[in-house]
Amino acid sequence: MKPQVRASTVLERTSHYLKVGVLKEKPAWFDVVGAHPPILDLSKKPKKIDLKQTDIDPSLKLDNDKGSVEGKFFKTRMNSTDRKQQHNAISRIPKLQFLEDELRDVFYHQHPWEFSRPKNLIENQGDEYKNLDWSHMLQFTKPLDGESVVQRTLWILTNQNNEININNNNNNNESPKITLFEAYDKARFEFYRLRMEEEMNSAVSREESTMYGAIYPSTNLEWGVKNEQEYIDLWAKIAEEKTRVLEASRERNNSTASGKSTKGGETGLEDLIDSSSIWEQNFSSDIAGAKAKSKLNDSK
Amino acid sequence: MFRISNSSRRSIGIQSSKLNFGLSQRFISFRLPNIQSLETVKSQQSDFEGLFSNNSVNELWFKRGQSLVDGLNQSLEHSNVNSSGTEVPNNLTDLISSTIQKPEYYGIYCYSSLLYNLQFFVENLRPSETTIHKVDQADPNALLANPVFEFVNQPQDEDLKRWIIDSFGSVIEFRTLLLNSAKGIKGDGITWLVAESNNSQSTINNNFQGGKASREPQYVNLKVINTYNTGFVDDSIRSGQVNRLRQQKSARLAALRSKQLERQEKENNEKDSTTTTTTTTESTTTSEEKTIISEIEEIDEKIDELTLGSTEDADLNTLYNDKKLLPLLAIDSSPRNYLLDYGVFGKQNYLDNVWECIDWDVVAKRTPTRTQAIIGSLYM
């Protein structure tokens, strides 16, 4: 990844845009940041760590260079190429490698449909699994998923001796080392068994409640499609309007583009304009408005 | 058709006595059968090795069984089955199949089916020395325990084993399916291993052209099914509930229509003939006619010929597909079975132990001859 140096120059760039006229109004943060400019330079400066590789100070070179001839220029200071960063690897963010990631990769490649299960993305620390006891795969606070297999595999690997004593009574004489693959397979098969149990449980529950008189007027799929359609209907109207506005503004731009020359500050402009979230934000508020409207109409 | 082991056939026999009070009456009452393994548990004050404590055997079989038998005898007495002159079947299966579709005999059906299920379950159990879990109260951690992969008890009979492997893939797959189905039941219920015939019962009944041999059901597949509460395993006697309702409805509609037609004809005849009719009778006939018409319209509204029907209807129509099912093995996973010995968290432990206690000899005895017809699979 490229080192981000522009973040600390946001004040300079904004004042430039104001002067040139790209921005018409001062942003709300402008005065505050102007009064307390960012002193911390977040950009990572390369250091020439390896002493052997640093060039000798040219001034020393000046003395040592015995073969200097009159009329020849001496190099007395570093030029830009000398100052340029030589070791790109230093400023690069180091690659973090974990066994867990490899296991996750293997598991989800083998079971791609596990991705289609809903997953809670809210987490406080991200290391909740550390508080759990992985001597068993099922957890009270965590649903069964690929992560369970990963953590269980690691647990089996680290606690292999206990596991072997419990499960491999036949091979008591030898003490075979459990490999990563064996641990993973063991965890995987436990996972399969628990998944089967879950599936059977839901099927039996449905059958049992039907026996007791429950009625399921629509399948899960039908229910989902129906609920989705409500939003799609609303969205279709809004999208139509938005498209019309978009087309109109595009036409206007095309007609005025011939008159205007390209602006110099175009490259910096993208940073200031939030291109991703405006539409979504507007859309969600529109949906809420449209829903309220349709409710009003219904009540009338 | 249905094989009970010799001991049970003797024991669940009937006590019929003819009383000579002018009218000949037959009183039928049932007795709790003697099951050898349970009797020894009772007499020796010992535990049912590997599954139940002495106390729970007493509660589950001797007390509960006796109360079911008493209940059955009482409800037989209270209903006028005995005195009505109709022959009361002297075994439970016939009693169940003759009462299952008659709401007035609901009590008899419930008691007899519960008794049948209970007896079927305890008959295929035997004490076992290999236990996976101790017969003890399970702590809450048992809910999260890892699944058990190791088991000892397996069907010894080669034919039965072959059939299980052909139907389910392997013995361990069968064990997983059976125990998972049992574990999924929330209330009272029984998981069965059944042999399924290739032809439905109605096909067998209607097949007059073939000889006697073709009317016997041929068993091709083994399956695992659940029944809940007082459910009974045979599909052929409980199927077609929705269709029966439909038929009743259409029969009623047809009757109403013909009634209306008759009335109209009658009126026409009356008008043709020059008999004098008072206005009062006319008004009554028209009001009666109105009620009939409104009823017809009401039923017509309910019968919508254009829609295909909901998935629920389709489900109910195909749920019991009228196939002859022969039970081979029952596992009762009702809470009463594990609460006493294993506690609220002990269902899985109980089920693992039940597997170890399955008496495969009894199951093999119940197994019908397998029909390995390749053509038979076409009818599936």
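Just so it is clear, the model here is predicted, and its values are computed rather than measured. (Residues numbered from 1 in each chain as written. Chains lettered and ligands numbered in written order. Predicted model: local features only at pLDDT ≥ 70, side-chain atom pairs only at ≥ 80, totals over all residues.)

1. Quick word on the overall build of chain B
Looking only at helices and strands, chain B has 16 helices and five strands in total. Within the span of chain B, comprising 380 residues, buried residues form 29% of the whole. Put simply, of all contacts in chain B between residues at least 6 apart along the chain, 77% involve residues at least 24 apart. (Helix = DSSP H or I, 4+ residues; strand = E, 2+ residues; numbered from the N terminus. Buried ≥ 20, exposed ≤ 12 C-beta atoms within 10 Å, placed from the backbone. Contact = placed C-beta atoms within 7 Å.)

2. Quick word on the overall build of chain A
Counting its regular elements, chain A contains twelve helices and zero strands. Helices (α) and strands (β) of chain A occur, in sequence order from the N terminus, as α-α-α-α-α-α-α-α-α-α-α-α. Expressed as a percentage of its 300 residues, the buried residues of chain A come to 7%. Of the contacts formed within chain A by residues at least 6 apart in sequence, a portion of 64% connects residues at least 24 apart.

3. Digging into helix 4 (residues 92-99) of chain B
Residue and element names in this part refer to chain B. Those residues of helix 4 that fall on the buried side of the exposure criterion are Leu92, Leu95, Ile96 and Thr99. End-on view of helix 4: buried residues confined to an arc of 100°, all on one side of the axis. Turning to helix 4, the residues buried within the fold contact helix 5 (106-123). (Arc of directions from axis to C-beta.)

4. Examining unusual backbone geometry
Residue and element names in this part refer to chain B. You will see that Gln45, though not glycine, has its phi angle at about 55°, which is positive. Structurally, Gln45 can be placed in the loop between helix 2 (36-44) and helix 3 (54-78). By C-beta crowding, Gln45 is classed as exposed, having 8 other C-beta atoms within 10 Å. In this structure, Asn229 takes a positive phi of about 50° despite not being glycine. On the secondary structure map, Asn229 appears in the loop between strand 4 (219-228) and helix 10 (235-238). Exposure remark for Asn229: the 16 C-beta atoms within 10 Å place this residue in the partly exposed category.

5. Observations concerning the interface of chain A and chain B
Listed as interface residues are 20 residues of chain A and, on the opposing side, 18 residues of chain B. Partitioned by chemical class, the residues of the side of chain A that touches chain B number ten nonpolar, five polar and five charged. (Nonpolar A, V, L, I, M, F, W, Y, C, P; charged D, E, K, R; others polar.)

6. Observations concerning the environment of Val152(B)
Mapping Val152(B) onto the fold places it in the loop between helix 5 and helix 6 (158-168). In this view, Val152(B) contacts Thr130(B) and Glu356(B); residues no more than four positions away in its chain are not counted.

7. Overview of the environment of Glu182(A)
Residue and element names in this part refer to chain A. By the secondary structure assignment, Glu182 is in helix 9 (residues 180-211). The partly exposed category is assigned to Glu182, around which 17 C-beta atoms lie within 10 Å. Taking the C-alpha atoms as reference points, Glu182 and Leu157, 25 residues apart in sequence, are found 8.9 Å from one another.

8. Overview of the confidence of the model for chain A
Summing up the model confidence of chain A, the mean pLDDT is 76 and the portion of residues at 70 or higher is 63%. Note on residues 260-280 of chain A: pLDDT under 50 across the span, and seven contacts to partners over four residues away in sequence or across chains. (pLDDT = per-residue confidence, 0-100.)

9. Comments concerning the nonpolar core
In this structure, Leu115(B), Leu193(B) and Val194(B) are the most contacted members of the largest nonpolar core, which totals 61 residues. Among the elements that take part in this core, helix 5 of chain B stands out by supplying ten residues, more than any other. Sequence-distant contacts of Leu193(B), that is, excluding residues within four places in its chain, are made with Leu178(B), Leu222(B), Val224(B), Leu328(B) and Leu329(B). Ranked by size, the runner-up nonpolar core spans ten residues in total, among them Phe107(A), Met137(A), Tyr184(A) and Ala187(A). (Core = buried A, V, L, I, M, F, W, Y, C linked by C-beta atoms within 7 Å.)

10. Looking at the packing of helix 3 of chain B against helix 14 (residues 335-342) of chain B
Residue and element names in this part refer to chain B. With their axes 9 Å apart at the nearest point, helix 3 and helix 14 run at an angle of 160° to one another. Considering their axes alone, helix 3 and helix 14 lie roughly antiparallel with respect to each other. Helix 14 is crossed by helix 3, and the crossing has right-handed handedness. Across the interface between the two elements, Asn55, Ser56, Glu59 and Leu60 of helix 3 pack against Arg336, Asn337, Leu340 and Asp341 of helix 14. Of the residues assigned to the contact of helix 3 with helix 14, the class counts are two nonpolar, three polar and three charged. (Axes fitted to C-alpha atoms, helices over the stretch in contact; angles between N-to-C directions. Parallel < 35°, antiparallel > 145°, perpendicular 65-115°, else oblique. Left-handed = near helix turned anticlockwise from the far one by under 90°.)

11. Concerning the packing of helix 6 of chain B against helix 7 (residues 171-184) of chain B
Residues and elements named next belong to chain B. As a packed pair, helix 6 and helix 7 sit with axes 8 Å apart at the nearest point and diverge in direction by 70°. Compared by their axis directions, helix 6 and helix 7 come out roughly perpendicular. On the side of helix 6, the interface is formed by Lys161, Ile164, Ile165 and Phe168, while helix 7 contributes Val171, Glu173, Phe174 and Leu177.

12. Some words on the environment of Gly146(A)
All names here are of chain A. Among the structural elements, Gly146 can be located in helix 7 (residues 146-158). Sequence-wise, Gly146 and Arg188 are 42 residues apart; in three dimensions their C-alpha atoms are separated by 9.0 Å. Apart from residues lying up to four places away in sequence, Gly146 is in contact with Arg104, Phe107, Tyr108, His111 and Glu114.

13. Structural notes on the confidence of the model for chain B
All names here are of chain B. The pLDDT averaged across chain B works out to 78; a share of 71% of its residues lies at or above 70. Mean pLDDT values for the elements of chain B range from 32 in strand 1 (residues 17-21) up to 95 in helix 7. Contacts from residues 1-25, a stretch scored under 50 in pLDDT, to residues over four places away or in other chains number 32 contacts. What the predictor reports for the complex is a pTM of 0.66 with an ipTM of 0.73.

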